[in-house]
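Per-entry structural report
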Amino acid sequence: MRTPRRLSAFLLFLAGTAALAPLAAVDQPPAAPPQVVAPAVRTFDLTYRAVVPELPAGAGKVDLWIPYPHSDENQQVEVLGVDAPAHYDVSTEPRFGNQVLHLVVDHPKDPIAVELRAHVVRHEVVRKDLSRGAAHGRPNRDPALAKWLTADRLVPLDERIRSLSAEVTAGATTDAAKARKIYDYVVDTMSYDKSGTGWGNGDIYWACDKKRGNCTDFHALFTGLARAAGIPAKFAIGLPLPPAHGEGQIPGYHCWADFWLDGYGWVPVDASEARKHPERRDYFFGDHDTDRVELTEGRDLVLAPKQQGPPLNYFVYPYAEVDGKPFAGVQQTFSYRDLPAATAPAAR
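Summary of the structure given here. (Residues numbered from 1 in each chain as written. Predicted model: local features only at pLDDT ≥ 70, side-chain atom pairs only at ≥ 80, totals over all residues. Heavy atoms only, no water.)

1. Focus: the packing of aromatic side chains
Here the structure, examined in full by the defined rule, presents 14 aromatic pairs. Centre to centre, the rings of W148 and W266 are 6.4 Å apart; their planes meet at 85°, and the pair counts as edge-to-face. Placement of the pair is W148 in the loop between β6 (112-123) and α2 (159-168) and W266 in strand β12 (residues 265-269), with a sequence separation of 118 residues. Relative accessible area serves as the criterion here: at 4%, W148 is assigned to the buried category. On the accessibility criterion, W266 (22% relative accessible area) is partly exposed. Measuring from centroid to centroid gives 6.0 Å for F235 and Y314, while their planes differ by 35°, and the two rings are tilted. (Phe/Tyr/Trp six-rings, centres within 6.5 Å; stacked < 30°, edge-to-face > 60°. Helix = DSSP H or I, 4+ residues; strand = E, 2+ residues; numbered from the N terminus. Buried < 20%, exposed > 50% of the residue type's maximum accessible area, 1.4 Å probe, protein only.)

2. Quick word on helix α3 (residues 175-189)
The end-to-end C-alpha distance of α3 is 21 Å, a good match for the 21 Å that 15 residues give at a rise of 1.5 Å each. Residues D175, A176, K178, A179, I182, Y183, V186, V187 and T189 constitute the buried set of α3. (Expected span 1.5 Å × (residues − 1).)

3. Here we look at unusual backbone geometry
Here A304 and P305 are connected by a cis peptide whose omega angle stands at -5°. Here P305 is to be found in the loop between β13 (292-297) and β14 (319-322). Notably, K211 is not glycine yet its phi reads approximately 55°, a positive angle. By the element assignment, K211 lies in the loop between α4 (204-210) and β8 (212-213). Unlike most non-glycine residues, D323 shows phi in positive territory, near 55°. Looking at where D323 falls in the secondary structure, it is placed in the loop between β14 and β15 (325-327).

4. Topic: the sheet that holds β13
Reading across from one edge, β12-β11-β9-β13 is the order of the 4 strands in this open sheet, with antiparallel pairing throughout. The sheet is open, and its two borders are formed by β12 and β13, each paired with just one other strand. Between one strand axis and the next, the sheet turns through 40° on average, direction left out of account. (Pairing = 2+ DSSP bridges. Axes fitted to C-alpha atoms, helices over the stretch in contact; angles between N-to-C directions.)

5. Observations concerning the pairing of strand β1 (residues 41-52)
In terms of burial, β1 is a largely internal element, 9 of the 12 residues being buried. In this structure, β1 lies alongside β6, joined through 12 bridges in antiparallel fashion. Among the inter-strand pairings, F44 is bridged to a residue of β6, identified as V120. With 9 bridges connecting them, β1 and strand β16 (residues 331-339) associate as antiparallel partners.

Here's what the structure looks like:
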């Protein structure tokens, strides 16, 4: 039987189309891989200046301590120089491992000025999968973490704090989930409000009762509730930089907290920034921007060499003693200047 001419032409067209189809597929561009945004890096020069101005008449020995910036996994610091009127030493205080610059001036006739200049590369902390943290049991926990489970003078772990922690974390079965509940409670409960007096001491009772304050009050509440839940938590303090790059003065300090997850490590939180910037609430649980430099960790600090006054509530501003007594008149200024990333010192 003869195939009609029109049908034959149609069948030939179909056959040709099928033969060309694989070639057309080969010509399609490959699918683009998912875009991965690298963590941000900020490189800047930092200047820390401390001045002991007019001293009491007859002042003899003047001791001055200032934080000496350090390198860690989130920042590389290269101290470029220190201008001081007398010999100074850099020591490490034994409890938390903070570095401290100390000098002594006998019977000074002029104001004492110390200027420290440092080169800083700060890395963005980008959260990974927190579910890797162990849910229960801590058989391999580093014994050094024990200090981050103990009370501070203004962050006691009494029945009131333990009861509140249990209430806030109710229903959570992992340390990561408990920490998130505590973080959300702090952000929801506290207001960033520096009016009046009483704020800024990092007093957990103030935070519980007044429900307002600055970063020290926010993170006193976080660290206290976390420790009461059996989660090591540490207080960190340093200097904030404005998000816009450039240069200028830094008006004051900023602090935050870290909590420990077994199987993961330290996880940063910044509850006060989350309160001020609600759109970044999720970011500041586990992520940290580059707009900061850490100077010290811990509360109730005994310096190196040991000061004669009481332990410091926290250590970010310079501290001085005149003839063994705390001197409150020390002045400080901080400034920064952003640099191209290519000027970063090598990681240590």
